[in-house]
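Breakdown of the fold
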Amino acid sequence: MAQKKHIAHKPRPVTEIGIGRPKLVIGIVIDQMRWDYLYRYNDLFKADGGFKRLLNNGFSCENTFIPYVPTVTGAGHTCIYTGSVPAIHGIVGNNWFDNIDNRAYYCTDDSTVHAVGDTTVDVRMSPKNMFATTIGDELRMATNFKSKVIGLSLKDRAAILPAGHAANGAYWYDKKGYFISSSYYMDSVPTWVETFNKRRVADSLYSLAWVKYLPWNLTTQSYAYDQYAEDASAYSDRPFGKNQSQLPYDLSKYIGKDYSKIATTPQGNVLLEMMAEAAVSNEQLGKGTATDMLTVSFSSPDYIGHAYGPDSYEQLDDYVRLDDVLAKFFNFLDSTVGKGQYTLFLTADHGVSHIPGFDSTHHLPGGYFYGDSTVKEMNQQLAAKFGTDSLVKGIDNFQVYLNHPLIQSASLDKKAIEEWVIHYLQQQTAVAQAFDLKDIGNYPVTAMQKEMVVNGYFPSRAGDVQIIVKPGFVEGGGPADSHGVWNPYDSHIPLLWYGWGIKQGASNKEVYMTDIAPTVAALLHIQMPDGCIGKVIPDVMK
Ligand SMILES: [Zn+2]
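Residues numbered from 1 in each chain as written. Predicted model: local features only at pLDDT ≥ 70, side-chain atom pairs only at ≥ 80, totals over all residues. Heavy atoms only, no water.

As for the overall build of the protein chain
- In terms of regular secondary structure, the protein chain is built from 20 helices and 21 strands.
- Against the 2.2 N^0.38 benchmark of 24 Å for 542 residues, the protein chain shows a C-alpha radius of gyration of 24 Å, consistent with a compact globule.
- For the protein chain, with 542 residues in total, the buried portion stands at 60%.
- A sequence separation of at least 24 residues applies to 74% of the contacts in the protein chain between residues at least 6 apart.
- Looking at the protein chain as shown, the accessible area adds up to about 22,000 Å², and 53% of this sits on carbon and sulfur atoms.
- Taking the 47 positively charged and 57 negatively charged side chains of the protein chain as two groups, their mean positions are separated by 7 Å. (Helix = DSSP H or I, 4+ residues; strand = E, 2+ residues; numbered from the N terminus. Rg over C-alpha atoms; globule rule 2.2 N^0.38 Å. Buried < 20%, exposed > 50% of the residue type's maximum accessible area, 1.4 Å probe, protein only. Contact = heavy atoms within 4.5 Å. Areas by Shrake-Rupley, 256 points an atom, 1.4 Å probe, with all protein chains shown as cover. Lys, Arg positive; Asp, Glu negative; His and termini not counted. Charge placed at Lys NZ, Arg CZ, Asp CG, Glu CD.)

Examining helix H17 (residues 414-426)
- The terminal C-alpha atoms of H17 lie 18 Å apart, and with 13 residues this matches the ideal 18 Å at 1.5 Å per residue to within 8%.
- Listed in full, the buried residues belonging to H17 are Ile417, Glu418, Trp420, Val421, Ile422, Tyr424 and Leu425.
- Those residues of H17 that are buried are in contact with helix H15 (371-386), strand E14 (392-396), strand E15 (399-402), helix H16 (404-409), strand E16 (431-436) and strand E17 (465-469). (Expected span 1.5 Å × (residues − 1).)

Concerning the coordination of the zinc ion
- For the zinc ion, the full set of protein donor atoms is Asp302 (OD), Asp302 (OD), His306 (NE2) and His483 (NE2), at a range of 2.1 to 2.5 Å.
- For the zinc ion, the 4 donor atoms in the first shell make angles of 55 to 156° at the metal, a pattern classed as irregular.
- Between consecutive donors of the zinc ion, the numbers of intervening residues give the motif D-x3-H-x176-H. Within this pair, whereas His306 is found in helix H12 (residues 300-308), its partner His483 is found in the loop between strand E18 (473-475) and helix H19 (488-491), the two being separated by 177 residues in sequence.
- On the accessibility criterion, His483 (10% relative accessible area) is buried. (Donors = N, O, S within 2.8 Å, 3.2 Å for Na, K, Ca; no water. Tetrahedral: all angles 85-135°; square planar, octahedral: opposite > 155°, others 65-115°.)

Looking at the packing of aromatic side chains
- Scanning the entire structure with this criterion turns up 32 aromatic pairs.
- Centroid distance Tyr41 to Phe45: 6.4 Å. Interplanar angle 85°. Geometry classified as edge-to-face.
- Residue classification places Tyr41 among the buried positions, given a relative accessible area of 0%.
- Ring geometry for Tyr171 versus Trp192: centroids 5.7 Å apart, planes at 65°, classification edge-to-face. One end of the pair, Tyr171, is in strand E7 (residues 169-173); the other, Trp192, is in helix H8 (residues 191-198), and 21 residues separate them in sequence. Comparing Tyr171 with Trp192 shows no difference in burial state: the two are buried.
- In this structure an aromatic cluster arises from ring pairing among Tyr206, Trp210, Phe240, Tyr249, Tyr254, Tyr259 and Tyr308.
- Across from the ring centre of Tyr225, 5.3 Å away, lies the NZ or CZ of Lys212, which sits over that ring.
- Its end group placed over the ring of Phe458, Arg461 keeps NZ or CZ at 5.7 Å from the ring centre. (Phe/Tyr/Trp six-rings, centres within 6.5 Å; stacked < 30°, edge-to-face > 60°. Lys NZ or Arg CZ within 6 Å of the ring centre and 35° of its normal.)

Re the pattern of salt bridges
- Evaluated as defined, the whole model comprises 20 salt bridges.
- Glu418 is paired through a salt bridge with Lys414; the nearest N and O atoms lie 3.7 Å apart. Here the residue Glu418 and the residue Lys414 both occupy positions in helix H17, the gap between them amounting to 4 residues, near one helical turn.
- Given a relative accessible area of 3%, Glu418 falls into the buried group.
- With relative accessibility at 30%, the residue Lys414 sits in the partly exposed group.
- Taken together, the shared-partner salt bridges in this structure form one network comprising Lys414, Lys415, Glu418, Asp436, Lys438 and Asp464. (Salt bridge = Lys/Arg side-chain N within 4 Å of Asp/Glu carboxyl O.)

Points about the sheet that holds E16
- With antiparallel pairing, 4 strands are arranged side by side in an open sheet as E14-E15-E17-E16. The open sheet has two edge strands with one neighbour each: E14 and E16. Taking the axes of each pair of neighbouring strands and ignoring which way they run, one obtains an average angle of 20° across the sheet.
- Contacting E14, E15, E16 and E17, H17 crosses the sheet at an angle of about 170° to E16. (Pairing = 2+ DSSP bridges. Axes fitted to C-alpha atoms, helices over the stretch in contact; angles between N-to-C directions.)

Next up, the structure:
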């Protein structure tokens, strides 16, 4: 019998079987960036600045929307990096009330861990309340944990949630003026973080004050500010004290006293960018054998936007300066990681409405929805009708939470209370709709609003009655601005791609925040996160 001829398999060269990947993936979130800022301030952005580098050389998804409510920071950062929605990943807001534990939660609360680094406050945070994996988690698993994944922000939740469960670390800025982390990731912060903290960067940034960045124009005899924005001092909040109502702001009084104020100035972006450079250099990101990932969330635009609104000199000044900060970071990445060696995306966790004072000045619709006083008023009237006080626990994420244990122990009719609440809310000036969340299938609300509410609904963390406010109405007592609703000003966000594997161009096709993570996964040839419902955006890829 003739022996079968053995056919030797010629080994293929590594390049043939290997897949290409960038050395580093950088996810940049601008906390509170409306899509229209890209164009409103376009003339003021430098030709070699950050935004125009991405717009001109990268790919812009011009119609990117958030597919759920509430449009807030915790949910937004989670959605970007999980490709999922609160109904699945569980981060239904920055805060919520847990119906099983019967207590309030902050999104990154974790009583089993403690803060590491130089802090005086008892900070206990981790990503454990998030039920899905992030793109960083998937990258870590795909490379047998050879990839390094690090999250950075001034805000704890904006560092922790993007980095994910299996991250090497997340660092955020603490009230004491230092970047800190959690025992969830490490026993103590690395030496480079201690060294960075010792530089006391915040002190030198405070001493610079916040002055107008754009110069006086000799030809037009005006500041560029007037062409693009207005003096909001008549209706804005005053984060630096009653006597400081407009630029320039003296910040020197905070040195050695209050380090939280830096977040409400453009200097907060400068501080974070310096920290990002330190992380890349010291953690050797982009230098290993596997692709690394860095998430950077710039919080200052959110603090500034809450105080002054999107039409103010302050927010304009912040974005013009942020353009420089981004340019500096991209130049740094070019020289350390290498031009074309990294993939970067820039997006936002939510937008913002116009500030109600701006609306009334210009005869535009809008106003405040006073959550706290609404709760107080409802409880007074409910007590008179049902004989029990505090039947409403509170309003969070535009949802009314009823006091279930109390209703049960007093043997009250929950349905009747709920109907009374709905009827009461429907009479309020700010409210367009109020309905039983569990009965949303039978409630006549537009298909898009219904989908956004359902995508944000996680039963054990949800309220009982959903409130949809009229366009232009923001939650709070004023004079501050806010976000959180379905409307385009909160849900239409920028999405820019740049670098390795990215095409040059733009598209007006409607895509969603949930599409970012699967697109990154496709670029890296790794599995998409485990709660992902988004779709790959093929247009952006080479
Ligand atoms: Zn905000």
